[in-house]
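The chain contents come next:
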Amino acid sequence: MSVSLLLENEESHRLLYRKVESSDFSSWLPFHEEPLSMQYFVGNIPNPKEACKAWFDKVFFRYEKDLGGHNALISKETGKLIGMCGLLIQTVDDKEELEIGYSILPEYWRNGYASEAAKQCRIYATKHQLSASLISIIHVDNIGSQKVAISNGMSLDKHTNYKGIPVQIYRRHIKNKPSI
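All values reported here derive from a predicted model rather than from experimental measurement.

## What to know about the pattern of salt bridges
Phase 1 of the analysis: Summed over the entire model, instances satisfying the criterion amount to 10 salt bridges.
Phase 2 of the analysis: For Asp157, the salt bridge identified is with Arg171, shortest N-O distance 3.2 Å. Of this pair, Asp157 sits in strand β6 (residues 155-162) while Arg171 is found in strand β7 (residues 165-173), placing the two residues 14 residues apart along the sequence.
Phase 3 of the analysis: The exposure class of Asp157 is partly exposed, given its relative accessible area of 38%.
Phase 4 of the analysis: Among the ionic contacts, a cluster of salt bridges with common partners joins Lys95, Glu97, Asp157 and Arg171.

## Overview of the environment of Met154
Phase 1 of the analysis: You can see Met154 is positioned in the loop between α5 (143-151) and β6.
Phase 2 of the analysis: In this structure the C-alpha to C-alpha distance between Met154 and Tyr170, which are 16 residues apart in sequence, comes to 5.6 Å.
Phase 3 of the analysis: Not counting residues up to four positions away in its chain, the partners in contact with Met154 are Ile100, Leu134, Ile135, Ser136, Ala149, Tyr170, Arg171 and Arg172.

## Describing helix α4 (residues 113-127)
Phase 1 of the analysis: With 15 residues, α4 should reach 21 Å at 1.5 Å per residue; the first-to-last C-alpha distance of 21 Å fits that figure.
Phase 2 of the analysis: Where α4 is concerned, the buried positions are Tyr113, Ala114, Glu116, Ala117, Ala118, Gln120, Cys121, Arg122, Tyr124 and Ala125.

## Points about the nonpolar core
Phase 1 of the analysis: Judged by nonpolar contacts, the single largest core of 45 residues is most densely connected at Trp28, Leu73, Leu87, Ile100, Tyr102 and Leu134.
Phase 2 of the analysis: Among the elements that make up this core, the one with the highest residue count is α4 (7 residues).
Phase 3 of the analysis: In this structure, Leu134 is in contact with Leu87, Leu98, Ile100, Arg122, Ala125, Met154, Tyr170, Arg171, Arg172 and Ile174, ignoring residues within four places of it in sequence.
Phase 4 of the analysis: Judged by nonpolar contacts, the second largest core, of 7 residues, contains Ile135, Ile137, Tyr162 and Ile165.

## Some points on the packing of aromatic side chains
Phase 1 of the analysis: Summed over the entire model, instances satisfying the criterion amount to 7 aromatic pairs.
Phase 2 of the analysis: With a centroid separation of 6.0 Å and 65° between ring planes, the pair formed by Phe56 and Phe60 is classed as edge-to-face. Linking Phe56 with Phe60, this pair stays in helix α3 (residues 48-65), spanning 4 residues, or about one helical turn.
Phase 3 of the analysis: Given a relative accessible area of 27%, Phe60 falls into the partly exposed group.
Phase 4 of the analysis: Following the ring pairs from residue to residue traces out a cluster consisting of Phe25, Phe56, Phe60 and Tyr63.
Phase 5 of the analysis: Sitting above the plane of the Tyr113 ring, Arg14 keeps its charged end 4.0 Å from the centroid.
Phase 6 of the analysis: The ring centre of Tyr63 lies 5.2 Å from the NZ or CZ of Lys19, which sits over that ring.

## Some details on the pairing of strand β5 (residues 133-139)
Phase 1 of the analysis: In terms of burial, β5 is a largely internal element, 7 of the 7 residues being buried.
Phase 2 of the analysis: Neither face of β5 is exposed, since Ser133, Ile135, Ile137 and His139 on one face and Leu134, Ser136 and Ile138 on the opposite face are all buried.
Phase 3 of the analysis: Here β5 pairs with β7 via 7 bridges, running antiparallel. Across the sheet, residue Leu134 finds its bridge partner in β7, namely Arg172.

## Describing unusual backbone geometry
Phase 1 of the analysis: The backbone of Asn9 shows a phi angle near 70°, a positive value even though the residue is not glycine.
Phase 2 of the analysis: With relative accessibility at 69%, the residue Asn9 sits in the exposed group.
Phase 3 of the analysis: For Asp94, which is not glycine, the phi dihedral falls at a positive 65°.

## A short note on α3
Phase 1 of the analysis: For α3, which comprises 18 residues, the first-to-last C-alpha distance of 26 Å matches the rise-based estimate of 26 Å (1.5 Å per residue) to within 8%.
Phase 2 of the analysis: For α3, the set of buried residues is Ala51, Cys52, Trp55, Phe56, Val59, Arg62 and Tyr63. Down the axis of α3, the buried side of the element spans an arc of 135°, and every buried residue falls inside it. Along α3, exposed side chains directed more than 90 degrees from the buried face belong to Lys49 and Glu64.
Phase 3 of the analysis: Considering only its buried residues, α3 is in contact with β1 (15-19), α1 (25-33), β2 (68-75), β3 (81-92) and β4 (95-104).
Phase 4 of the analysis: The distance from a side-chain oxygen at the start of α3 to the backbone nitrogen of Lys49 is 2.9 Å, and the residue carrying that oxygen is Asn47.

Calculation rules
- Residues numbered from 1 in each chain as written.
- Predicted model: local features only at pLDDT ≥ 70, side-chain atom pairs only at ≥ 80, totals over all residues.
- Heavy atoms only, no water.
- Salt bridge = Lys/Arg side-chain N within 4 Å of Asp/Glu carboxyl O.
- Helix = DSSP H or I, 4+ residues; strand = E, 2+ residues; numbered from the N terminus.
- Buried < 20%, exposed > 50% of the residue type's maximum accessible area, 1.4 Å probe, protein only.
- Contact = heavy atoms within 4.5 Å.
- Expected span 1.5 Å × (residues − 1).
- Core = buried A, V, L, I, M, F, W, Y, C linked by side-chain atoms within 4.5 Å.
- Phe/Tyr/Trp six-rings, centres within 6.5 Å; stacked < 30°, edge-to-face > 60°.
- Lys NZ or Arg CZ within 6 Å of the ring centre and 35° of its normal.
- Pairing = 2+ DSSP bridges.
- Arc of directions from axis to C-beta.
- Polar contact = N/O pair within 3.5 Å; in protein donor to acceptor, adjacent residues only side chain to side chain.

What follows is the structure, given as structure tokens:
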């Protein structure tokens, strides 16, 4: 039996991790309504509802195809959705990689949630030896996400283009595990 890339039923200090559900749509919509949160994303769709639908379609496609995916991040204190984070199989420069991806709802920015969630993904992936290394794909201008990657023990590996967007690949190597 293989280990899931989803952190279902995991928890960190302030967060519970579960699969994203269709009913999370209205709670996640403010992420797409905030121009600052959408400026770094591939395939930026100007209509927030359409962008949110495309996001959910991709989340559920990943679940269906066993490509990892975002987990809903639920506040232990309030029970509210505060973001999404997960382990995602990505192809970067023709190589399959395991990415830690994270996005937080704007009202919860600058509270350390992205760092906490990304760290939990790293711990989970390391514990289960899911890959020889972990990456985060970050737009070259997204300083906040770069700081999260650095706080997660990653360092700048390279600059490249990902789906036509200039990005930096931050990487952390994991010992004794072959590539995915």
